[in-house]
Amino acid sequence: MNKIKIAFISSLVVIASGYYNYTNIAFAESTKSNLVQSLSEGSQLDWSKNVIKVTGSGAPPDKGNMAQKRNMAVRAAKLDAYRQLLEIVNGVHVSSETIVKDFVTESDIIKTKVEGLLKGFEQVGEARYMSDGSVEVDVQIKLFGKGSVASIIMPEEIKKIENDTIPNTKIQPQEIKEEYTGLIIDCKGLGAKPAMSPAIFDSDNGQLYIGNQEIDPDYVINEGIVSYADSIPDAKKIDRAGKNPLIIKASNALGNFKSDIIIKNDDAKKVLGANKITNILSKFKVVMVID
């Protein structure tokens, strides 16, 4: 697989701040944690399975026989599900400053691809027929992987990021003897919000992650670059952290959606030292703990 050097800013997949209701949620790519974000009624962003799920509802027409009414109600429910998916996906954060809708409005090609992705949603289970004749259907689309939101948006985001001139950290790595398997950053109490590709900065605003790390774009599309948890114990259970993670405390959260993280320079030295030995940054072994 081809690799490319890019300087990632905070890229995302989170829902627009203030529009959706976050209630006791955490985020990760590991299926060991049940990390589900409740959105509008009947819809959710499931980060343990990397899918957006919605429930579409449809009412039967006044005319027609029972079979016709049911078929039309199912069709109406699927159209409602498509409408909900479109609204949610348009609000997904691609970076600290942009959402999917920004890409859709800039490019007819992206718009067509997104609409095609949503029309190809997967129905989950059988349709439910209500006593009043209405119908409900559960559908989902993937956030990561082949045929996902990331597969459409992230290649375009990478093109933009290649030309970014964000200064990288000037911190020198501390000599570390211990072999750390991952990095856990405790961001609790900072109001940090989840994102698909958050950035990590030192106290002088130099970027540690991702910076000029050599990465595989396919990996970004399929897995993302970070996992989230709502506690240190849960973070340790995520495969990404490994058996011996380095644990540090964030000092601040940045950006309109507070998805970029600042760590103290002393901690930055430790992180860079650990990365020098086991490549925890270039291998995306990063977990962030948020409220």
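Being a predicted model, the structure only gives us computed values, none of them experimental.

1. Brief notes about the overall build of the chain
At step 1: Counting secondary structure elements, the chain contains 7 helices and 14 strands.
At step 2: Buried residues in the chain amount to 51% of all 291 residues.
At step 3: For the chain, long-range pairs separated by at least 24 residues make up 73% of all intrachain contacts whose partners lie at least 6 apart in sequence.
At step 4: Looking at the chain as shown, the accessible area adds up to about 13900 Å², and 47% of this sits on carbon and sulfur atoms.

2. As for the nonpolar core
At step 1: One finds Ile-52, Leu-183, Ile-185, Ile-261 and Ile-263 to be the most contacted residues of the largest nonpolar core, which totals 70 residues.
At step 2: Ranked by residue count, the leading element in this core is helix 1 (residues 66–90), at 8 residues.
At step 3: Residue contacts for Leu-183: discarding those within four places in its chain leaves Leu-246, Ile-248, Val-271, Ile-280, Leu-281, Lys-285, Val-286 and Val-287.
At step 4: Counting residues in each nonpolar core, the second largest holds 7 residues, with Ile-184, Ile-238, Ala-241 and Val-289 among its members.

3. Observations regarding helix 1
At step 1: Taking 1.5 Å per residue, 25 residues should reach 36 Å; helix 1 reaches 36 Å between its end C-alpha atoms and fits that length.
At step 2: Of all the positions in helix 1, only Ala-73, Val-74, Ala-77, Asp-80, Ala-81, Tyr-82, Gln-84, Leu-85, Ile-88, Val-89 and Asn-90 are classed as buried.
At step 3: Measuring from the side-chain oxygen of the N-cap residue of helix 1 to the backbone nitrogen of Ala-67 gives 3.2 Å; that N-cap residue is Asn-65.

4. Focus on the sheet that holds strand 14 (residues 286–289)
At step 1: The strand order across the open sheet built from 7 strands is 9-8-13-12-7-14-11, with neighbouring strands paired in mixed fashion. The open sheet has two edge strands, strand 9 (207–209) and strand 11 (227–229), and neither has a second partner.
At step 2: Strands in contact with helix 7 (residues 265–278) are strand 7 (182–186), strand 9, strand 12 (245–254) and strand 13 (260–263); relative to strand 12, the strand with the most contacts, it is inclined by about 135 degrees.

5. A look at the confidence of the model for the chain
At step 1: For the chain, per-residue confidence averages 83 on the pLDDT scale, and 85% of positions sit at 70 or higher.
At step 2: Of all the helices and strands in the chain, strand 1 (residues 4–5) carries the lowest mean pLDDT, 40, while strand 7 carries the highest, 98.
At step 3: Taken together, the stretch residues 1–34 has pLDDT below 50 and engages in 149 contacts with residues farther than four places along the chain or on a different chain.

6. Thoughts on unusual backbone geometry
At step 1: Tyr-209 connects to Ile-210 through a cis peptide bond whose omega is 5 degrees.
At step 2: With respect to the element layout, Ile-210 can be found in the loop between strand 9 and strand 10 (214–215).
At step 3: Phi is positive for Asn-279, close to 55 degrees, though the residue is something other than glycine.
At step 4: Its location among the elements puts Asn-279 in the loop between helix 7 and strand 14.

7. Topic: the side chain of Asp-186
At step 1: Position of Asp-186 relative to the elements: it lies in strand 7.
At step 2: We classify Asp-186 as buried; its relative accessible area is 18%.
At step 3: Reaching out from Asp-186, the side chain makes a polar contact with the backbone nitrogen of Lys-188 at a distance of 3.1 Å.
At step 4: Apart from the residues within four sequence positions on either side, Asp-186 is in contact with Ile-232, Ile-248, Lys-249, Ala-250 and Val-289.

8. A closer look at the environment of Gly-182
At step 1: Considering the arrangement of structural elements, one finds Gly-182 in strand 7.
At step 2: What makes Gly-182 buried here is its relative accessible area of 0%.
At step 3: Residues Gly-182 and Lys-243 lie 61 residues apart in sequence; the distance between their C-alpha atoms is 8.1 Å.
At step 4: Not counting the four nearest positions on each side in its chain, Gly-182 is found in contact with Arg-240, Ala-241, Asn-244, Pro-245, Leu-246, Ile-280 and Lys-285.

Rules behind the numbers
- Residues numbered from 1 in each chain as written.
- Predicted model: local features only at pLDDT ≥ 70, side-chain atom pairs only at ≥ 80, totals over all residues.
- Heavy atoms only, no water.
- Helix = DSSP H or I, 4+ residues; strand = E, 2+ residues; numbered from the N terminus.
- Buried < 20%, exposed > 50% of the residue type's maximum accessible area, 1.4 Å probe, protein only.
- Contact = heavy atoms within 4.5 Å.
- Areas by Shrake-Rupley, 256 points an atom, 1.4 Å probe, with all protein chains shown as cover.
- Core = buried A, V, L, I, M, F, W, Y, C linked by side-chain atoms within 4.5 Å.
- Expected span 1.5 Å × (residues − 1).
- Polar contact = N/O pair within 3.5 Å; in protein donor to acceptor, adjacent residues only side chain to side chain.
- Pairing = 2+ DSSP bridges.
- Axes fitted to C-alpha atoms, helices over the stretch in contact; angles between N-to-C directions.
- pLDDT = per-residue confidence, 0-100.

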